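Coordinate analysis (summary)
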There are 2 protein chains.
Amino acid sequence: MEVPPPEDNAEGDQKRKRMSVGLYVSCPPNIKESVDKTLEYGYHFMVTQLTHPNYTRDINDNNPAPIGRTDRVMRSSDWSRLVVAQITPSLDLDSEVEHIRDHSKSIFAQELAFASHLGIPALWITLTKPDNVQLARALYEKTVSGLSFSVWVNIPMTHPSRYSPLSEHEYDTWDWWNEFRTYCNYDKRLGLVLDLCDIKHLLLYNELKRWIGEPVKAIVIPTSYFLINQHGKPVLSRLHQDIIKKFMSLDVQYIIKNDTECDLSLYVRYLSFLGKKLYVRDTMTEFVQGFEDFLQNPLQPLTEHLETNIYEIFEKDGVKYNTYYNAILKAVQSLPVDRVPVVMVVGAGRGPLVQAVLNVSITLDRKLKVYAVEKNPFAINTLVHRCKTEWADQVTLIKEDMRSYQPPEQADILVSELLGSFGDNELSPECLDGAQRFLKRTGITIPQSYTSYLAPLQSTKIFNEIRHNRPLDKTLQFCYETPYIAHLANFYQIAPPQPLFNFTHPNWSEKINNQRYKKLVFQVEQNCLLTGFVGYFDTILYKDVKLSIHPDSHTTDMVSWFPIVFPLENPVYVEEGKTIEISFWRTESNEKVWYEWCLHSPVKTEIMNSNGRSYYLRKH
Amino acid sequence: MEVPPPEDNAEGDQKRKRMSVGLYVSCPPNIKESVDKTLEYGYHFMVTQLTHPNYTRDINDNNPAPIGRTDRVMRSSDWSRLVVAQITPSLDLDSEVEHIRDHSKSIFAQELAFASHLGIPALWITLTKPDNVQLARALYEKTVSGLSFSVWVNIPMTHPSRYSPLSEHEYDTWDWWNEFRTYCNYDKRLGLVLDLCDIKHLLLYNELKRWIGEPVKAIVIPTSYFLINQHGKPVLSRLHQDIIKKFMSLDVQYIIKNDTECDLSLYVRYLSFLGKKLYVRDTMTEFVQGFEDFLQNPLQPLTEHLETNIYEIFEKDGVKYNTYYNAILKAVQSLPVDRVPVVMVVGAGRGPLVQAVLNVSITLDRKLKVYAVEKNPFAINTLVHRCKTEWADQVTLIKEDMRSYQPPEQADILVSELLGSFGDNELSPECLDGAQRFLKRTGITIPQSYTSYLAPLQSTKIFNEIRHNRPLDKTLQFCYETPYIAHLANFYQIAPPQPLFNFTHPNWSEKINNQRYKKLVFQVEQNCLLTGFVGYFDTILYKDVKLSIHPDSHTTDMVSWFPIVFPLENPVYVEEGKTIEISFWRTESNEKVWYEWCLHSPVKTEIMNSNGRSYYLRKH
């Protein structure tokens with residue numbers, strides 16, 4: 001079990017996605033008028049060249065001439081909200097001609113400084129070819145010293161060369177971007193602006209998923225991509241709509257690039273309509289609103305008492321407790337009818353599983369002897385109250401650690417909910433091994449077994465979240481050697497998850513060993529950036545009654561668990577066709593249990609979290 | 001000049017102060033009903049005992065009994081928003097009787113844990129006597145390991161013993177508080193709840209001001225303090241209103257304690273009315289909204305170019321530029337009428353002082369030769385544009401540092417606005433010494449002189465802001481050796497400001513020395529906690545035309561400068577009648593200028609910022 005987001009995070013109108021739409025106007029004669037006009041059409045911002053190309057500029061500082069538009073033509077609050085500024089597109093800092101390179105570099109530096117002076121929110125840079133190391137250098141120099149704005153790197157979703165049998169190279173623009181941002185150390189101020197592909201040059205589904213894993217800030221849609229419907233209004237094809245729908249899980253904006261004559265207000269209205277039409281609002285979407293890619297530390301319920309609001313959130317997951325109810329029902333039905341079955345709930349909390357057991361008793365009209373074992377004094381406080389007021393003293397309360405409790409009799413069924421996002425990561429194995437002392441040898445545990453899964457992950461978002469949220473008293477190494485719970489949104493799962501560790505209960509082996517080791521090998525289908533691994537689990541509660549957060553079998557509408565992420569200290573570029581190989585350990589000492597992991601391929605890394613130095617689970 | 005807050009920080013309804021009012025209900029039989037009733041009356045929250053005294057509690061963990069109210073009687077979001085929980089008032093952790101001490105400590109620990117479990121926003125502890133070190137210890141132990149709630153320490157504003165000729169001691173409750181929070185290392189989760197003094201036992205004005213310097217979270221008002229007006233409604237006396245008005249500069253809440261029979265809704269309505277009646281909304285109040293006690297680093301305009309939004313904010317201070325206009329007018333009038341005066345604006349920015357000079361020219365109908373010297377290329381960009389479009393080429397633009405510029409002629413008047421919150425702290429002396437090369441020996445500088453002032457400061461708010469906002473790459477020492485610009489709200493100025501350093505221009509001395517040293521001695525009128533010093537300045541622009549941020553002579557409605565704060569590394573307790581002695585240096589090397597400071601009395605401290613190791617102003 002993991003801490004889900006608080007309940008009150010929902011925002012007003014959830015039934016639609018607010019679509020922020022900008023208009024691209026390359027060089028308006030009067031920027032103020034053009035911004036006003038853009039807003040009148042209904043757009044939210046304008047993209048335009050920072051300096052008007054008609055102005056020739058003198059790089060010599062001693063003979064200044066105005067470099068395009070003076071700041072006072074608009075209020076600073078307009079500059080800072082309404083204008084995304086494009087760097088002069090003809091600059092070529094990576095030219096092979098030295099004087100072009102030098103001149104471009106000087107103008108670029110001047111434009112960066114001017115953008116800073118104006119206080120614009122984002123600067124737009126277009127990459128038109130591979131190898132942009134000089135441009136990256138000039139930019140990174142400024143990001144290090146502290147840029148006040150974001151940088152939007154513009155490239156096509158698919159390069160035309162991918163579809164031309166005549167072209168010398170087959171360019172993958174993702175590689176251009178990946179090289180560029182790698183030079184800039186994955187700086188979080190760098191975002192992507194993707195030109196939507198045209199209908200003849202659609203990208204592969206896998207490529208689209210890889211883009212979803214990038215910090216995409218905007219999608220550029222030329223007006224020529226719109227079809228005209230029977231009412232004479234511009235609309236996008238189903239294929240384009242599908243692409244836009246995919247990006248809706250991110251906070252993407254849209255930019256209309258006008259290359260036809262038309263009423264520009266129609267496009268922004270249409271996109272606003274798409275925000276309503278395409279937005280899917282299910283239980284999970286609603287639940288995670290505002291918590292996308294937000295990192296939480298895994299709970300340690302064994303050694304730290306849970307609090308009221310956490311119990312309350314757990315108890316709201318009706319899907320989970322209904323599934324438990326079904327499992328308990330089937331388990332009770334499997335027992336001989338000639339005596340009263342003993343059911344023990346270990347880790348009863350405020351009683352949701354106790355309630356499920358009592359509901360089974362009512363459904364089957366069969367008496368059950370129920371024990372509730374709980375160690376948190378404040379949860380006990382609530383259980384005492386419920387016993388009296390709701391449960392008519394049918395339940396025996398035991399305020400003790402399940403590992404030390406000495407029961408007066410043995411149980412037929414042992415029910416628990418001790419699972420974390422990675423199955424065993426809240427010490428369910430250790431707890432149940434301890435508790436099975438009071439289970440009959442023929443007894444049933446619910447859950448019966450659970451399995452963890454691991455998949456390679458690309459998410460510079462999570463990578464940046466980790467390094468930028470370092471607590472003052474922790475080292476960076478500590479932060480990268482710790483797993484996090486997160487609802488992943490801005491990510492690409494590089495390959496399908498594979499099973500890692502399995503635990504089965506009860507475990508009557510003479511010597512129980514909960515240490516584990518496994519090596520996994522993943523095939524990589526396209527170039528990507530490995531930033532860590534994502535973990536899931538599934539569990540068999542009883543026979544065919546299951547719960548799962550594995551993406552391919554996720555229990556519908558169950559919100560109790562988010563995935564777990566095991567980071568790497570440095571992102572690793574992986575080429576198409578290569579393999580990712582990882583070793584993963586579950587290790588223990590007398591005091592603690594911890595995981596370690598390391599890469600074998602495509603590169604070897606240090607063994608992360610050696611000896612549980614950064615992250616571990618206390619047994620006591 | 002300093003960075004003021006952005007313009008859009010204003011909140012909706014500025015004409016009133018929202019008054020958050022709670023109701024004290026010691027032991028309601030049913031907490032849920034009591035909360036509902038409290039909200040119905042119009043209150044925003046309820047203060048009540050965490051555990052009902054009717055419940056006897058067993059400290060022994062193995063025999064649990066409910067400890068008062070179970071968590072499920074309310075939603076966790078209600079617990080966390082609506083209930084301030086009082087610790088059982090009969091506890092005495094500082095009793096001289098050992099078993100009472102021990103029992104109190106156990107119950108206290110249990111109540112802290114229960115508060116944590118419930119997720120309440122604040123815990124209420126009452127101090128009833130001096131010497132609360134055991135209570136402080138028990139609490140501090142928990143704050144170190146991370147309390148999830150605030151702690152409200154309740155004491156009277158004045159102790160009855162102050163007014164009783166019979167009492168053995170004359171208690172100052174501020175001392176109880178100060179000792180308590182000192183033991184707890186000034187933890188920012190500790191706040192104060194002050195019982196309003198009754199009308200016969202009013203506190204001194206100076207004592208009130210000292211309370212304003214403390215983290216006061218709430219004021220308790222018994223219903224018996226209310227008078228009945230001619231409409232039969234409860235109202236507060238003028239004297240009580242005056243006290244409440246003083247606390248309005250802080251974010252204080254109010255708690256009604258019901259000790260008479262009456263309609264409880266009337267009190268919350270009356271306080272809401274006071275929020276409208278007593279709230280003063282002047283230019284400064286409006287300007288600083290949301291920026292109270294917010295720390296900013298001083299600008300370094302000599303080495304870092306200012307940006308559009310900063311110029312724009314400066315230019316909005318009409319009071320400042322009108323005063324400059326008056327100074328320039330008088331200076332021009334003092335010049336012989338037989339020739340065209342040369343006026344140079346050094347550091348012209350986007351031109352507000354140039355405009356003031358041109359306005360003088362129009363007013364006097366007198367031709368002026370105007371030069372504008374500016375080094376920021378983007379400000380020059382704007383000036384070029386204004387010269388053409390607004391100023392009909394009356395102004396000669398010079399894009400150069402004023403310290404290196406070689407002028408074609410000498411000026412009659414040199415106008416600048418290079419002053420910081422501490423007068424010389426943006427290197428105005430060094431800049432003007434360089435620029436006076438192009439001033440005639442008979443010429444006038446505007447400003448003519450400026451003086452800095454220093455006063456001892458009590459503000460644990462600022463002390464905590466500094467240590468909790470330490471950037472990852474800085475040491476704590478670095479942060480305490482750096483001055484900050486801040487609009488002070490939650491502070492107490494221990495003694496009146498005294499003049500520190502003075503600079504006069506032009507300075508025709510053969511060898512100019514801008515280094516300074518002074519020792520200041522302040523008398524302390526009541527016990528207090530010294531956390532640093534606050535700095536101000538005033539300036540004579542020309543003859544009787546002045547600007548000031550000194551609290552006793554502050555130019556009305558001028559918002560361009562906030563005070564400057566020089567911190568100390570550790571708060572120092574100072575007794576009534578003692579002196580505070582400080583040495584203060586302005587020092588320079590070839591590359592930089594910096595301040596150093598140290599205390600002589602009541603204790604000697606290390607010399608802060610030795611050799612400018614943490615904070616300095618670059619000359620180049």
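Residues numbered from 1 in each chain as written. Chains lettered and ligands numbered in written order. Predicted model: local features only at pLDDT ≥ 70, side-chain atom pairs only at ≥ 80, totals over all residues. Heavy atoms only, no water.

Cut-off, in case you're wondering: UniProt positions are given in the numbering used here, feature names are shortened, and annotations may be inferred rather than shown by experiment.
Per an unreviewed UniProt entry, chain A goes by Protein arginine N-methyltransferase and derives from Psylliodes chrysocephalus. Under the Sequence similarities (unreviewed entry) heading, UniProt states for chain A: "Belongs to the class I-like SAM-binding methyltransferase superfamily."

**So, the packing of helix 3 (residues 98–118) of chain B against helix 4 (residues 133–144) of chain B**
Residue and element names in this part refer to chain B. Where we set the bar: Every axis corresponds to a line fitted to the C-alpha atoms, with the helix fit spanning only the stretch in contact, and the corresponding angles, defined between N-to-C directions, vary from 0 to 180 degrees. In this text, helices come from DSSP runs of H or I with a minimum length of four residues, and strands from runs of E with a minimum of two, each type numbered from the N-terminal end. Put simply, angles under 35 degrees are roughly parallel, angles over 145 are roughly antiparallel, angles from 65 to 115 are roughly perpendicular, and the rest are oblique. Rotating anticlockwise by less than a right angle from the far helix to the near helix defines a left-handed crossing, while the corresponding clockwise rotation defines a right-handed one. Any two residues whose heavy atoms approach within 4.5 Å are treated as being in contact.
Close contact between helix 3 and helix 4 brings their axes to 11 Å; oriented N to C, the two are set at 30 degrees. The pairing of helix 3 with helix 4 is recorded here as roughly parallel in orientation. Crossing hand, helix 3 versus helix 4: right-handed. Contact residues: Lys105, Phe108 and Leu112 in helix 3; Leu135, Arg137, Ala138, Leu139 and Lys142 in helix 4.

**With respect to the side chain of Asp175(A)**
Residues and elements named next belong to chain A. Spelled out, the test is: Exposure classes here rest on a 1.4 Å probe applied to the protein chains alone. A residue is buried below 20% of its type maximum, exposed above 50%, and partly exposed in between. For the purpose of counting charges, residues Lys and Arg are taken to be positive, whereas Asp and Glu are taken to be negative. His and the chain ends are not included. In what follows, salt bridge is the name for a side-chain nitrogen of Lys or Arg lying within 4 Å of a carboxyl oxygen of Asp or Glu.
Mapping Asp175 onto the fold places it in helix 5 (residues 173–183). Here Asp175 occupies a buried position and makes no salt bridge, while the nearest side chain of opposite charge, Arg210, is found at 5.9 Å. Non-local contacts of Asp175, meaning those with residues more than four positions away in its chain, are made with Asn527 and Tyr573.

**A short note on the pattern of salt bridges**
In this structure the tally under the stated criterion is 58 salt bridges over all chains. Between Asp78(A) and Arg75(A) there is a salt bridge; the shortest N-O distance is 4.0 Å. For the salt bridge of Glu315(B) with Arg350(B), the shortest nitrogen-to-oxygen distance reads 3.0 Å. Here the residue Glu315(B) occupies a position in helix 10 (residues 308–315), and Arg350(B) occupies one in the loop between strand 11 (342–346) and helix 12 (352–364), the gap between them amounting to 35 residues. A relative accessible area of 22% places Glu315(B) in the partly exposed class. Residue class for Arg350(B) comes out buried when judged on its relative accessible area of 3%. In this structure, a network of salt bridges that share partners links the residues Asp71(A), Glu315(B) and Arg350(B).

**Focus: the interface of chain B and chain A**
Stated formally: Buried area: the accessible surface (1.4 Å probe) lost by two parts on joining, summed over both. Nitrogen and oxygen atoms within 3.5 Å of one another constitute a polar contact, given that in protein one can donate a hydrogen and the other can accept it, and given that sequence-neighbouring residues count only through two side-chain atoms. Under this grouping Gly is polar, as are all residues other than the nonpolar Ala, Val, Leu, Ile, Met, Phe, Trp, Tyr, Cys and Pro and the charged Asp, Glu, Lys and Arg.
Between chain B and chain A, the residue contacts involve 43 residues of the former and 43 residues of the latter. Buried area between chain B and chain A, summed over both chains or domains, comes out near 3700 Å², and the portion from carbon and sulfur atoms is 52%. When the buried surface of chain B facing chain A is broken down by residue, Arg72(B), His117(B) and Phe378(B) rank first, second and third, together holding 20% of it. Measuring nitrogen to oxygen at the nearest pair gives 3.1 Å for the salt bridge that ties Arg72(A) to Glu390(B). Scanning the region where chain B abuts chain A turns up 10 residue pairs in polar contact (both at pLDDT 80 or more). At the level of elements, helix 2 (76–82), helix 3, helix 10 and helix 13 (377–389) of chain B are the ones that each hand at least two residues to the side of chain B that touches chain A. Ranked by residue count, the leading element in the side of chain B that touches chain A is helix 13 of chain B, at eight residues. Across the side of chain B that touches chain A, the residue classes break down as 15 nonpolar, 13 polar and 15 charged.

**Things to note about the packing of aromatic side chains**
Applicable threshold: Pairs were defined over the aromatic rings of Phe, Tyr and Trp, the Trp ring being its six-membered one, requiring ring centres within 6.5 Å. Orientation was assigned from the angle between planes: stacked under 30 degrees, edge-to-face over 60, tilted for the rest. Two limits define a charge over a ring: the Lys NZ or Arg CZ must be within 6 Å of the ring centre, and within 35 degrees of the ring normal.
Under the defined criterion, the tally for this structure stands at 54 aromatic pairs over all chains. Judged by centre distance (5.9 Å) and plane angle (15 degrees), the ring pair of Phe584(B) and Trp597(B) falls under stacked. Taken together, the positions of Phe584(B) in strand 24 (residues 579–588) and Trp597(B) in strand 25 (residues 592–601) put the pair 13 residues apart, joining distant regions of the chain. Look at Phe584(B) and you get buried, because its relative accessible area is 1%. Classification of Trp597(B) as buried rests on a relative accessible area of 0%. Three or more aromatic residues joined by ring pairs form one cluster here, namely Phe422(A), Phe501(A), Phe566(A), Phe584(A), Tyr595(A) and Trp597(A). Positioned above the aromatic ring of Trp594(A), the side-chain terminus of Lys592(A) is 5.1 Å from the ring centre. Seen from the ring of Tyr616(B), Lys592(B) lies directly overhead, with NZ or CZ sitting 4.8 Å from the centre.

**A closer look at the sheet that holds strand 24 of chain B**
Within a sheet, each strand pairs with its neighbour through backbone hydrogen bonds, oriented either parallel or antiparallel. Residue and element names in this part refer to chain B. Using the following cut-off: Paired strands, in this sense, are two strands between which DSSP finds at least two bridges.
Here we have four strands laid out as an open sheet, ordered 20-24-25-26, and antiparallel in their pairing. Each edge of the open sheet carries a strand with a single partner, namely strand 20 (516–523) and strand 26 (617–618). Of the pairings in the sheet, the one linking strand 25 to strand 26 comprises two bridges and is antiparallel in character. By the bridge assignment, Val593 is partnered in strand 26 with Leu617.

**Thoughts on the environment of Gly577(A)**
Residue and element names in this part refer to chain A. Note that Gly577 resides in the loop between strand 23 (564–574) and strand 24 (579–588). Sequence separation between Gly577 and Phe273 is 304 residues, and the spatial gap between their C-alpha atoms is 41 Å. The residues touching Gly577, leaving out its near neighbours within four places in the chain, are Gln523 and Val524.

**Concerning helix 10 (residues 308–315) of chain A**
Burial analysis of helix 10 of chain A places six of its eight residues in the buried class, the great majority of the element. Residues of helix 10 of chain A that are buried: Thr308(A), Ile310(A), Tyr311(A), Glu312(A), Ile313(A) and Phe314(A). Looking at the buried positions of helix 10 of chain A, the neighbouring elements they touch are helix 9 (283–288), helix 11 (318–333), strand 12 (369–374) and helix 13 (377–389) of chain A together with helix 2 and helix 3 of chain B.

**Some words on the confidence of the model for chain A**
All names here are of chain A. Formally: Known as pLDDT, the predictor's per-residue confidence is scaled from 0 to 100.
Chain-level pLDDT for chain A is 90 on average; 95% of the residues reach the 70-or-more range. Across residues 1–12, where pLDDT falls below 50, the model places 46 contacts with residues more than four positions away in sequence or in other chains. Interface confidence in the predicted complex, given as ipTM, is 0.76; pTM for the same model is 0.85.

**So, the environment of Phe584(A)**
Once the C-alpha coordinates of Phe584(A) and Asn132(A) are considered, the two residues, 452 residues apart in sequence, prove to be 37 Å apart. Apart from the residues within four sequence positions on either side, Phe584(A) is in contact with Phe422(A), Leu454(A), Leu500(A), Phe501(A), Arg516(A), Tyr517(A), Lys518(A), Phe566(A), Tyr595(A), Glu596(A) and Trp597(A).

**Let's talk about unusual backbone geometry**
With an omega dihedral of -10 degrees, the bond running from His505(A) to Pro506(A) counts as a cis peptide bond. Mapped onto the fold, Pro506(A) is located in the loop between strand 19 (498–504) and strand 20 (516–523). Here the residue pair Ile446(B) and Pro447(B) is connected by a cis peptide bond, since its omega of 5 degrees sits within 30 degrees of zero. Within the secondary structure, Pro447(B) is located in the loop between strand 15 (439–446) and strand 16 (449–458). One non-glycine residue, Asp557(B), adopts positive backbone phi at about 65 degrees. With respect to the helices, strands and loops of the structure, Asp557(B) is situated in the loop between strand 22 (545–548) and strand 23 (564–574). Under the relative-accessibility criterion, Asp557(B) is labelled partly exposed at 36%.

**Some remarks on helix 8 (residues 265–277) of chain A**
All names here are of chain A. Worth spelling out the cut-off: One less than the number of residues in a helix, times 1.5 Å, gives the span that helix is expected to have.
Taking 1.5 Å per residue, 13 residues should reach 18 Å; helix 8 reaches 19 Å between its end C-alpha atoms and fits that length. Along helix 8, the residues that are buried comprise Ser265, Leu266, Tyr267, Val268, Tyr270, Leu271, Leu274 and Gly275. Lining the buried residues of helix 8 we find strand 1 (21–24), helix 1 (31–41), strand 7 (216–222), strand 9 (234–235), helix 7 (238–247) and strand 10 (253–257).

**Digging into the relation of the copies chain B and chain A**
Rules: A residue counts toward the fit only if its pLDDT is at least 70 in both copies, and the copies are then superposed by least squares on the C-alpha atoms of those residues.
Laying chain B over chain A is done by rotating through 180 degrees and shifting 0.1 Å along the axis; what remains is an RMSD of 0.0 Å. The superposition of one copy onto the other is thereby described by a two-fold rotation axis. Relative to the rotation axis, the closest C-alpha in chain B is found at Leu472(B), a distance of 3.3 Å. With an isologous cut-off of 70% or more, the 100% of interface residues of chain B that recur at the interface of chain A puts this contact in the isologous class.

**Describing the pairing of strand 23 of chain A**
Residue and element names in this part refer to chain A. Most of strand 23 is tucked away: eight of the 11 residues are buried. Note that strand 17 (residues 484–485) and strand 23 share two bridges and pair antiparallel. Considered in strand 23, the bridge of Ile485 is made with Ile564. As judged from the seven bridges shared by strand 21 (residues 528–542) and strand 23, these two strands associate in the antiparallel manner. Along strand 23, the bridge assignment pairs Gly532 with Pro567.

**Re the UniProt feature "domain: PRMT5 oligomerisation" (unreviewed entry) in chain A**
What UniProt calls "domain: PRMT5 oligomerisation" (unreviewed entry) maps, in this numbering, to residues 449–616 of chain A. Counted over residues 449–616 of chain A, helix gives 8% and strand 47%. Its end C-alpha atoms are 23 Å apart.

**Re the domain arrangement of chain A**
All names here are of chain A. Going by this rule: Note: domain ranges come from an automatic or database domain assignment.
Domain assignment breaks chain A into domain 1 (10–281), domain 2 (308–417) and domain 3 (449–618). The straight-line distance from the C-alpha centre of domain 1 to that of domain 3 is 35 Å. Across the boundary between the two partners, domain 1 contributes 18 residues, which contact 18 residues of domain 3. Taking both partners together, domain 1 and domain 3 bury about 1500 Å²; carbon and sulfur atoms supply 44% of that area. In this assembly, domain 1 and domain 3 are joined by zero salt bridges. In this assembly, domain 1 and domain 3 are joined by 11 residue pairs in polar contact (both at pLDDT 80 or more). Looking at the side of domain 1 that touches domain 3, the elements with two or more residues in it are helix 5 and helix 6 (205–212). Examining the composition of the side of domain 1 that touches domain 3, we find that five residues originate from one element, helix 6, more than from any other. Counted by class, the side of domain 1 that touches domain 3 contains five nonpolar, five polar and eight charged residues.

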